[in-house]
Amino acid sequence: MTNTWEDVAWEDTAPSKEWVVEYTAKVGSNTTHHLSVLVGNDMEAVQRKLMRELRTTYQDATEIEVTVLRMEEIEKEPNAALFAGHFTP
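Residues numbered from 1 in each chain as written. Predicted model: local features only at pLDDT ≥ 70, side-chain atom pairs only at ≥ 80, totals over all residues. Heavy atoms only, no water.

**Student:** Hey, could you run me through the overall build of the protein chain in this one?
**Tutor:** Secondary structure assignment for the protein chain yields one helix and three strands. Moving toward the C terminus, one meets the helices and strands of the protein chain in the order β-β-α-β. Looking at the protein chain as a whole, 19% of its 89 residues qualify as buried. Here the analysis covers contacts within the protein chain between residues at least 6 apart in sequence; of these, 55% occur between residues at least 24 apart. As presented, the protein chain carries roughly 7,500 Å² of accessible surface, and 51% of it is formed by carbon and sulfur atoms. (Helix = DSSP H or I, 4+ residues; strand = E, 2+ residues; numbered from the N terminus. Buried < 20%, exposed > 50% of the residue type's maximum accessible area, 1.4 Å probe, protein only. Contact = heavy atoms within 4.5 Å. Areas by Shrake-Rupley, 256 points an atom, 1.4 Å probe, with all protein chains shown as cover.)

This is the structure in structure tokens:
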């Protein structure tokens, strides 16, 4: 017998949020400024995703000096007043 939609038990998980992360990465004498949008439920999950991004981006680096300049959750509803007559959000 097949299950109907009513028979399926859905898990209630917290929805993932988008976070903007601005940071600099220094490898040797080269410093690179990054701006990324990462998805995670909380700041710890975003930090893990950032570490994964750094490992992918700088595979050959033995040491990376990272300075996080900004890490904040992106608002779901844009502030329309910021676009007053200039742009349509």
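**Student:** Sorry, what's going on with the nonpolar core here?
**Tutor:** Soluble globular proteins: nonpolar side chains tend toward being buried together. With 10 residues, the main nonpolar core is built from Trp19, Val21, Tyr23, Ala25, Leu38, Val46, Leu50, Leu54, Tyr58 and Met71. Among the elements of the structure, strand S1 (17–27) and helix H1 (43–57) are those that each provide at least two residues to this core. The biggest single contributor to this core is S1, with four residues. Excluding its chain neighbours within four sequence positions, the residues that come into contact with Ala25 are Asn30, Thr31, Thr32, His34, Tyr58, Ile64 and Glu65. (Core = buried A, V, L, I, M, F, W, Y, C linked by side-chain atoms within 4.5 Å.)

**Student:** Please explain a positive patch on the surface as it appears in this structure.
**Tutor:** Among the surface-exposed residues, Arg48, Lys49, Arg52 and Arg55 lie close enough to one another that they form a single positively charged patch. By the secondary structure assignment, Arg48 is in helix H1. (Patch = residues over 30% accessible without salt bridge, like charges linked within 9 Å, V, L, I, M, F, W, Y side chains within 5 Å. Salt bridge = Lys/Arg side-chain N within 4 Å of Asp/Glu carboxyl O. Lys, Arg positive; Asp, Glu negative; His and termini not counted. Charge placed at Lys NZ, Arg CZ, Asp CG, Glu CD.)

**Student:** Hey, could you run me through the pairing of strand S2 (residues 30–40) in this one?
**Tutor:** Note on strand geometry: in a regular strand, side chains alternate between the two faces of the sheet. Sheet topology note: the S1/S2 ladder contains 11 bridges and is antiparallel. Its bridge partner being in S2, Glu18 is matched across the sheet by Val39. What sits between the antiparallel neighbours S1 and S2 is a turn of two residues, in which Gly28 has the positive phi angle 65°. (Pairing = 2+ DSSP bridges.)

**Student:** Where do I start with the sheet that holds S1 in this structure?
**Tutor:** Adjacent strands of a sheet form backbone hydrogen bonds with each other and so pair up, either parallel or antiparallel. With antiparallel pairing, the three strands of this open sheet are ordered in space as S2-S1-S3. The two strands at the open ends of the sheet, each matched to only one other strand, are S2 and strand S3 (65–73). Each neighbouring strand pair of the sheet contributes to a mean axis angle of 15°, computed without reference to strand direction. Most of the contacts of H1 go to S2, to which it runs at about 135°, and overall it touches S1, S2 and S3. (Axes fitted to C-alpha atoms, helices over the stretch in contact; angles between N-to-C directions.)

**Student:** What's the story with H1 in this structure? I'm lost.
**Tutor:** One turn of an α-helix holds 3.6 residues; hence residues three or four places apart share an orientation. Taking 1.5 Å per residue, 15 residues should reach 21 Å; H1 reaches 21 Å between its end C-alpha atoms and fits that length. Those residues of H1 that sit buried are Ala45, Val46, Leu50 and Leu54. The elements touched by buried residues of H1 are S1, S2 and S3. (Expected span 1.5 Å × (residues − 1).)

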